[in-house]
Amino acid sequence: MKKLKLIKNLINTAIEYINDLDDELTPVDKIKIFGKVIEIIQNSIYFSSGKTELGVDDVLKPLIYTLIKAKPKNICSNYQYCELYLNTELAKTQYGIILSQIGLVIEVIKKMKYNDLINVSEEQF
């Protein structure tokens, strides 16, 4: 029970970071926020499963869940801003990897249908 509560607290912390995204001004700072969110999710997976090697597939579903729970108003605008104005040299580093993960999550959410979710009716969707 304590493990579940800790994971829930970690996800809530990630949601708070996402909600602070609009306060950041530079593409790098916005991407750093996404990086912190991914790190929190990875840590919660490490803690709950003991798995030490994580790939994009391991983080994808929890990241989708976290983004949906956060309901960020300007996520697409923030993503496009980062994609457009991120320095080309920085785009070849970890910043580019994080940005591509967020882009993937946004696309998955855009294509999602209500029956892709558990216990969600068409009206709720």
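Rules behind the numbers
Residues numbered from 1 in each chain as written. Predicted model: local features only at pLDDT ≥ 70, side-chain atom pairs only at ≥ 80, totals over all residues. Heavy atoms only, no water. Helix = DSSP H or I, 4+ residues; strand = E, 2+ residues; numbered from the N terminus. Buried < 20%, exposed > 50% of the residue type's maximum accessible area, 1.4 Å probe, protein only. Contact = heavy atoms within 4.5 Å. Lys, Arg positive; Asp, Glu negative; His and termini not counted. Charge placed at Lys NZ, Arg CZ, Asp CG, Glu CD. Axes fitted to C-alpha atoms, helices over the stretch in contact; angles between N-to-C directions. Parallel < 35°, antiparallel > 145°, perpendicular 65-115°, else oblique. Nonpolar A, V, L, I, M, F, W, Y, C, P; charged D, E, K, R; others polar.

A. Spatial organisation of the overall build of the chain. For the chain, the count of helices and strands is five helices and zero strands. Along the chain, from the amino end to the carboxyl end, the secondary structure elements read α-α-α-α-α. Taken along its principal axes, the extent of the C-alpha atoms in the chain is 45 × 35 × 25 Å. Out of the 125 residues in the chain, the part that is buried amounts to 33%. Counting only contacts in the chain whose residues sit at least 6 apart along the sequence, the fraction spanning at least 24 positions is 64%. When the 16 basic and 16 acidic side-chain charges of the chain are each reduced to a single mean position, those positions are 6 Å apart.

B. Summary view of the packing of helix 2 (residues 27–49) against helix 5 (residues 94–111). Where helix 2 contacts helix 5, the two axes come as close as 9 Å, and the packing angle between them is 70°. It follows that helix 2 is roughly perpendicular to helix 5 by the angle criterion. Here helix 2 contributes Val28, Ile31, Lys32, Phe34, Gly35 and Ile38 to the contact with helix 5, which in turn contributes Tyr95, Ile98, Leu99, Gln101 and Ile102. Taken together, the residues of the contact of helix 2 with helix 5 sort by class into eight nonpolar, two polar and one charged.

C. Region of interest: the side chain of Thr66. Along the chain, Thr66 turns up in helix 3 (residues 56–70). A relative accessible area of 0% places Thr66 in the buried class. The contacts of Thr66, once residues within four sequence positions are left out, are Ile11, Ala14, Ile15, Ile18, Val37 and Ile41.

D. Representation of the environment of Tyr114 in the model. Along the chain, the position of Tyr114 falls in the segment after helix 5. For Tyr114, a relative accessible area of 31% translates into the label partly exposed. When the C-alpha positions of Tyr114 and Lys36 are compared, they lie 29 Å apart, and in sequence the two are 78 residues distant. Sequence-distant contacts of Tyr114, defined by excluding residues within four places in its chain, comprise Val120, Ser121, Glu122 and Phe125.

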